[in-house]
Amino acid sequence: LKGKGYTKMATVVVLAGRRVDAPGATPRRFPETELERVKSAIGLWLQAVGATTLVCAAACGADLLALDVAGTLGIRRRILLPFGVAQFRSSSVVDRPGGWGERYDKIVAEVEARGDLLLGSYSVEGEETYFQTNLDLLEEAAQLATATGIPVQALVVWDGETRGPHDVTAHFLVEAQRQGLPVHQILTLPAPA
């Protein structure tokens, strides 16, 4: 865990992070070998901060790991997708290794049944869709926090290195900091030996 100053109390958590690496990805950002370690770290952190609600998208990798563990812990899950469920499944879930489709289908169905699935109407093409979705995630978390009277904390699950101006995860981190949120990081690469 990176980041200091979190206190255990009821909190809304808004999350963004890396998708699992494509086969042969260079540089590596989130190798399949790190999935269980990262999932465990997410679960420990959610418990440490007293998470009551998790707000995120549902891409393969950080999002689905967090949604899975939040469900196990009984934490409310609010999913916000930039466009339709089937389109998102095709563009951001099943295009990477690891059999993410079944997990996505199950989680989305559970969340939708509780009225916590929100769908945008953005274009499937273009990075602006994902930058805008970051802002929507932060806004949704803020609204939930206002409605419940509890604070928001941001969690970024990534390799700790920006890919430059087109990096959606780095954009989320910068926007969360700009809004004055406590931002915590879980790294997707193993610590150097």
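Look up: the structure comes first, before these words.
Here's what I pulled together on the structure shown here.

Quick notes on the rules
Residues numbered from 1 in each chain as written. Predicted model: local features only at pLDDT ≥ 70, side-chain atom pairs only at ≥ 80, totals over all residues. Heavy atoms only, no water. Helix = DSSP H or I, 4+ residues; strand = E, 2+ residues; numbered from the N terminus. Salt bridge = Lys/Arg side-chain N within 4 Å of Asp/Glu carboxyl O. Buried < 20%, exposed > 50% of the residue type's maximum accessible area, 1.4 Å probe, protein only. Core = buried A, V, L, I, M, F, W, Y, C linked by side-chain atoms within 4.5 Å. Contact = heavy atoms within 4.5 Å.

### Some details on unusual backbone geometry
Of the consecutive residues Thr-26 and Pro-27, the connecting peptide bond is found in the cis state with omega at -5°. Within the secondary structure, Pro-27 sits in the loop between strand S1 (11-17) and helix H1 (35-48).

### Focus on the pattern of salt bridges
The tally for this structure, following the rule as stated, stands at 15 salt bridges. A salt bridge links Glu-34 to Arg-37; the shortest N-O distance between them is 2.5 Å. Residue classification places Arg-37 among the partly exposed positions, given a relative accessible area of 37%. Note that Arg-178 and Glu-175 form a salt bridge whose closest N and O atoms lie 2.8 Å from each other. A residue pair is termed a helical-turn pair when its members lie 3 or 4 positions apart in one helix, as Arg-178 and Glu-175 do in helix H6 (residues 168-178) at 3 residues. Residue classification places Arg-178 among the exposed residues on the basis of a relative accessible area of 58%. We classify Glu-175 as buried; its relative accessible area is 13%.

### As for the nonpolar core
Judged by nonpolar contacts, the single largest core of 40 residues is most densely connected at Ile-42, Leu-46, Leu-54, Ile-79 and Phe-88. Looking at this core, the elements with two or more residues in it are S1, H1, strand S2 (51-56), helix H2 (62-73), strand S3 (76-81), helix H4 (100-113) and strand S5 (152-158). Broken down by element, this core gets its largest block of residues, 7 residues, from H2. Leaving out residues up to four positions away in the same chain, Ile-79 has contacts with Cys-56, Ala-57, Ala-58, Leu-67, Ile-107, Val-108, Val-111, Asp-116, Leu-117 and Leu-118.

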